Amino acid sequence: MPENASRSTVIRRYAPEDEDAAVDVWSRAGGPAHPFIPGEGEGERARKMREVYLVHAENWVAETDGRVVALLGLLGAEIGGLFVAPEAQGTGVGRRLVEHAAALHGALTLEVYEKNTAARGFYARLGFVEESRRVDEEYDEVMLKLARPAPEHPARGRAADT
């Protein structure tokens, strides 16, 4: 069992005071996930994370024992980014953030780099399927658009039948 699995994890809305911790998680998770993106996790990409993505997305963090260990950015029902600190990967925190997004928005979509095989496997296990492909012209990398239907709620279905 991973070390963090038994610890207390809370999912909460991102707050401005989380900025440094969130950027740290993004940097430590994003660099290894995207080694084919020049400067991933630093420099201009870090500036954009701070000034654009953390400002304009609906962001959520997972906090374990008072420390931010994961970041989820939503653009409506699209997952704009999911980053889990390396030491928290495999603990279920990423899955919990995706399920939180589904509880908020129902059906979800996202884009993932074709070369990010670990993320593709993770999303496949959560029921996401490929809808389309495109080339990210900035980096000349193939992006996959994945989608997952809204979770079924049997109680809602029964209520509608009455």
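Rules used in this analysis
- Residues numbered from 1 in each chain as written.
- Predicted model: local features only at pLDDT ≥ 70, side-chain atom pairs only at ≥ 80, totals over all residues.
- Heavy atoms only, no water.
- Pairing = 2+ DSSP bridges.
- Helix = DSSP H or I, 4+ residues; strand = E, 2+ residues; numbered from the N terminus.
- Axes fitted to C-alpha atoms, helices over the stretch in contact; angles between N-to-C directions.
- Buried < 20%, exposed > 50% of the residue type's maximum accessible area, 1.4 Å probe, protein only.
- Contact = heavy atoms within 4.5 Å.
- 1 Å grid on protein atoms, 1.4 Å probe; cavity = no way out; pocket = protein on both sides within 12 Å on 5 of 7 lines; lining within 4 Å.
- Points joined across faces, edges and corners; volume = space filled by probe spheres on them.
- Nonpolar A, V, L, I, M, F, W, Y, C, P; charged D, E, K, R; others polar.

Draft legend 1. How the structure looks around the sheet that holds strand 1 (residues 9-13). Pairing within the open sheet is mixed, and its seven strands lie in the order 1-2-3-4-5-7-6. One side of each edge strand has no neighbouring strand; the edge strands of this open sheet are strand 1 and strand 6 (129-136). Neighbour-to-neighbour, the strand axes of this sheet turn through a mean angle of 25°, independent of strand direction. Two elements, strand 5 (residues 108-113) and strand 7 (residues 141-148), share six bridges in a ladder whose sense is antiparallel.

Draft legend 2. Representation of the pairing of strand 7 within the structure. Counting buried residues along strand 7, six of its eight residues qualify, which places the element largely inside the surrounding structure. Note: strand 6 against strand 7, seven bridges, orientation antiparallel. In the sheet register, Val-129 faces strand 7, and the bridge partner there is Ala-147. The antiparallel hairpin formed by strand 6 and strand 7 contains four residues in its connecting segment, where Asp-140 sits at a positive phi of about 55°.

Draft legend 3. Fine view of the environment of Lys-48. In this fold, Lys-48 is placed in helix 2 (residues 43-56). On the accessibility criterion, Lys-48 (27% relative accessible area) is partly exposed. In this structure Lys-48 touches Tyr-53 and Glu-138, once residues within four positions along its chain are discounted.

Draft legend 4. Region of interest: unusual backbone geometry. We note that Asp-65 has phi near 50°; this positive angle belongs to a residue other than glycine. Within the fold, Asp-65 resides in the loop between strand 2 (58-64) and strand 3 (67-75). The phi dihedral of Asp-140 falls on the positive side, at around 55°, and the residue is not glycine.

Draft legend 5. Expanded view of the layout of surface pockets. Empty space within the largest pocket amounts to approximately 1300 Å³. Taken together, the elements giving at least two residues each to the lining of the largest pocket come down to helix 1 (19-33), helix 2, strand 3, strand 4 (78-84), helix 3 (93-105), strand 5, helix 4 (117-125) and strand 6. The leading source of residues in the lining of the largest pocket is strand 4, at seven residues. In terms of residue class, the lining of the largest pocket is made up of 25 nonpolar, 12 polar and 10 charged.

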